[in-house]
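# Understanding the architecture of this molecule
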Amino acid sequence: MFTAHPDRYADMPYRRTGRSGLKLPALSLGLWHNFGPDRPVDTQRAILRRAFDLGVTHFDLANNYGPPPGAAESALGDALRADFGPYRDELVVSTKAGYLMWPGPYGEWGSRKYLLSSLDQSLKRMGLDHVDIFYSHRPDPDTPLEETMGALHSAVQQGKALYVGISNYSAEQTREAARILGELGTPLLIHQPRYSMLDRRPEEEGLLDALDELQVGSIAYSPLEQGLLTARYLDGIPGDSRAAGDSPFLDSAAVTGELVSRLRALDEIAKSRGQSLAQMALAWVLRGGRVTSALVGASSPQQLEDSVAATRSLDFDTEELARIDAAIAS
């Protein structure tokens, strides 16, 4: 039986999520591509155990994470039963529904039927009676927002979720979602946008401003841009990298000579801060406290440890931020 480290809360910073009472670790663990049957179970368990020992109390999933879809939730369910039973109340477990999960007209998007059916399936896979956060994974252009938000509200009323969130919604959609949920009596807790040094749309399109105004938390996904903001691509495309494979999330055509030059310039700035490029990228997302938490994946406990080390230096001076902006614009 796994016994958690007694000092697991000593070093990880925790941030209040919007105006709620919930605090999240500055770094959260996303169970996306490394928690399926193609990955050794012992490695998966080791990552989860090490995460918790380092104070990473938030495990983030979605119904379709794996592969295959559902595999990540099943893997977490096995780990919860084997290792984390005594610690369930110390964990924040989140899941989402919105993308394609099963065939037919009720297997994706934002209908009440799909969202609540999906949540029931997720709970069964994880062996839980509730999740801490349940998300609408993406806005549905054909379903009234009142129906989608009403389904999230019902999940809380039914005791199957403690809080609700949204992901991939625009600033305008976020304001409207927050209004509807507020009128229903279930506050919008958190938004999960894609955000990194290379993808600044939450800043440029006003989403972070909207979240500040609404006092809603945020958790950034892909803060390392599918691995681009690591040392892996400083010399081009490694043969065993995501860009070299058939990943739909990172096209090799995106790794241009110009991008590699920018990454090298960013790496030099990171070195001057005593950080790896990945650590600086995570710290940049978390700078200033506007973002509650950053989501990281991990293929090994060592990779997770490297990411967590970023929380030791989250401050940037004006010159460093200017150098980063200049490197990206070059």
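Our subject is the structure listed above.
Notes on the structure in this doc start here.

### With respect to the overall build of the protein
In terms of regular secondary structure, the protein is built from 11 helices and 10 strands. In terms of overall dimensions, the protein has a C-alpha envelope of 50 × 45 × 40 Å along the principal axes. Excluding contacts between residues fewer than 6 apart, the proportion of contacts in the protein whose partners are at least 24 apart in sequence is 75%. Accessible surface computed for the protein: about 14,200 Å², of which carbon and sulfur atoms make up 49%. When the 33 positive and 44 negative side-chain charges of the protein are each reduced to one mean point, those points stand 3 Å apart.

### Things to note about the nonpolar core
Of all hydrophobic cores here, the largest spans 92 residues; its most connected members are Leu29, Met197 and Leu266. Take this core: its biggest share by element is nine residues, from helix α9 (residues 277-286). Excluding its chain neighbours within four sequence positions, the residues that come into contact with Leu266 are Met197, Leu229, Leu277, Met280, Ile324, Ala327 and Ile328. Formed by nine residues, the second largest nonpolar core is a distinct cluster that contains Leu22, Val92, Ile133 and Leu295.

### A look at helix α2 (residues 71-84)
Residue pairs spaced three or four apart in an α-helix point in one direction, given the helix's 3.6 residues per turn. For α2, which comprises 14 residues, the first-to-last C-alpha distance of 18 Å matches the rise-based estimate of 20 Å (1.5 Å per residue) to within 8%. Summarising burial for α2: 10 of the 14 residues are buried, a large majority. Buried within α2 are the following residues: Ala71, Ala72, Glu73, Ala75, Leu76, Gly77, Ala79, Leu80, Asp83 and Phe84. Buried positions along α2 lie against α1 (41-53), β4 (58-60), β5 (92-97) and α3 (112-126).

### Quick word on the sheet that holds strand β8 (residues 188-192)
Taken in spatial order, the eight strands line up as β3-β4-β5-β6-β7-β8-β9-β10 and close into a barrel, and their pairing is parallel. Strand after strand, the sheet turns through a mean of 30° between neighbouring axes, direction not considered. The pairing of β4 with β5 spans three bridges and is classified as parallel. For Phe59, the partnering residue across the bridge sits in β5 and is Val93.

### Here we look at the pattern of salt bridges
Scanning the model with the defined rule gives 23 salt bridges in all. Note that Arg125 and Glu73 form a salt bridge whose closest N and O atoms lie 2.8 Å from each other. Taken as a pair, Arg125 in helix α3 and Glu73 in helix α2 lie far apart in primary sequence, 52 residues in all. Like Glu73, Arg125 is buried. The salt bridge partner of Arg273 is Glu320, with a shortest N-O separation of 3.0 Å. Taken together, the residues Arg273 in the loop between α8 (257-272) and α9 and Glu320 in helix α11 (residues 318-329) connect sequence positions 47 residues apart. On the basis of relative accessible area, Glu320 is assigned to the buried category, the value being 14%. A single salt-bridge network, built from bridges that share partners, covers Arg194, Asp199, Arg201 and Glu225.

### A look at the side chain of Ser122
With respect to the secondary-structure elements, Ser122 resides in helix α3. Residues within four places of Ser122 in sequence aside, it is in contact with Asn63, Glu73 and Thr95.

### Some details on the packing of aromatic side chains
Applying the stated criterion across every chain, the model contains nine aromatic pairs. Ring centres of Phe2 and Tyr87 lie 6.0 Å apart, and the angle between their planes is 65°; this geometry places the pair in the edge-to-face category. You can see Phe2 sitting in the segment before β1 (14-16) and its partner Tyr87 sitting in the loop between α2 and β5, a full 85 residues away along the chain. Measuring from centroid to centroid gives 5.4 Å for Tyr195 and Trp284, while their planes differ by 45°, and the two rings are tilted. Highlighted residues: Tyr195 in the loop between β8 and α6 (201-204) and Trp284 in helix α9, separated in sequence by 89 residues. Over the aromatic face of Phe316 sits the side chain of Arg273, whose NZ or CZ is 3.7 Å from the ring centroid.

Criteria and cut-off values
Counting starts from 1 at the beginning of each chain's written sequence and moves along it residue by residue. Where local features are concerned, this predicted model is filtered to residues with pLDDT of at least 70; where side-chain atom pairs are given and counted, the filter is 80 or more; whole-chain, interface and lining totals use all residues. The basis for the side-chain values is all heavy atoms of the structure; hydrogens and waters are excluded. A run of DSSP states H or I qualifies as a helix once it reaches four residues; a run of E qualifies as a strand once it reaches two. Both are numbered from the N-terminal end. Note on definitions: a residue-residue contact is assigned when non-hydrogen atoms from the two residues lie within 4.5 Å. Accessible surface area values rest on a Shrake-Rupley calculation with a 1.4 Å probe, where residue burial reflects the displayed protein chains alone. Positive charges come from Lys and Arg alone, negative charges from Asp and Glu alone, with His and the N- and C-terminal ends not counted. Charge positions come from single atoms, namely NZ of Lys, CZ of Arg, CG of Asp or CD of Glu. We call a set of buried residues a nonpolar core when its members are Ala, Val, Leu, Ile, Met, Phe, Trp, Tyr or Cys and they connect through side-chain atoms within 4.5 Å of each other. Think of it in three bands: with a 1.4 Å probe and only protein chains considered, a residue is buried below 20% of the maximum accessible area for its type, exposed above 50%, and partly exposed in between. By this rule, a helix spans an expected 1.5 Å times one less than how many residues it contains. One requirement defines pairing of two strands: DSSP has to find at least two bridges between them. Lines fitted to the C-alpha atoms define the axes, with helices restricted to the stretch that makes contact. Angles between their N-to-C directions range from 0 to 180 degrees. Criterion for a salt bridge: a side-chain nitrogen of Lys or Arg within 4 Å of a carboxyl oxygen of Asp or Glu. Note on aromatic contacts: the rings of Phe and Tyr and the six-membered ring of Trp form a pair at centre separations within 6.5 Å, being stacked when their planes are under 30 degrees apart, edge-to-face when over 60 apart, and tilted otherwise. Put simply, a charge is over a ring when the Lys NZ or the Arg CZ is close to the ring centre, within 6 Å, and near the line of the ring normal, within 35 degrees.

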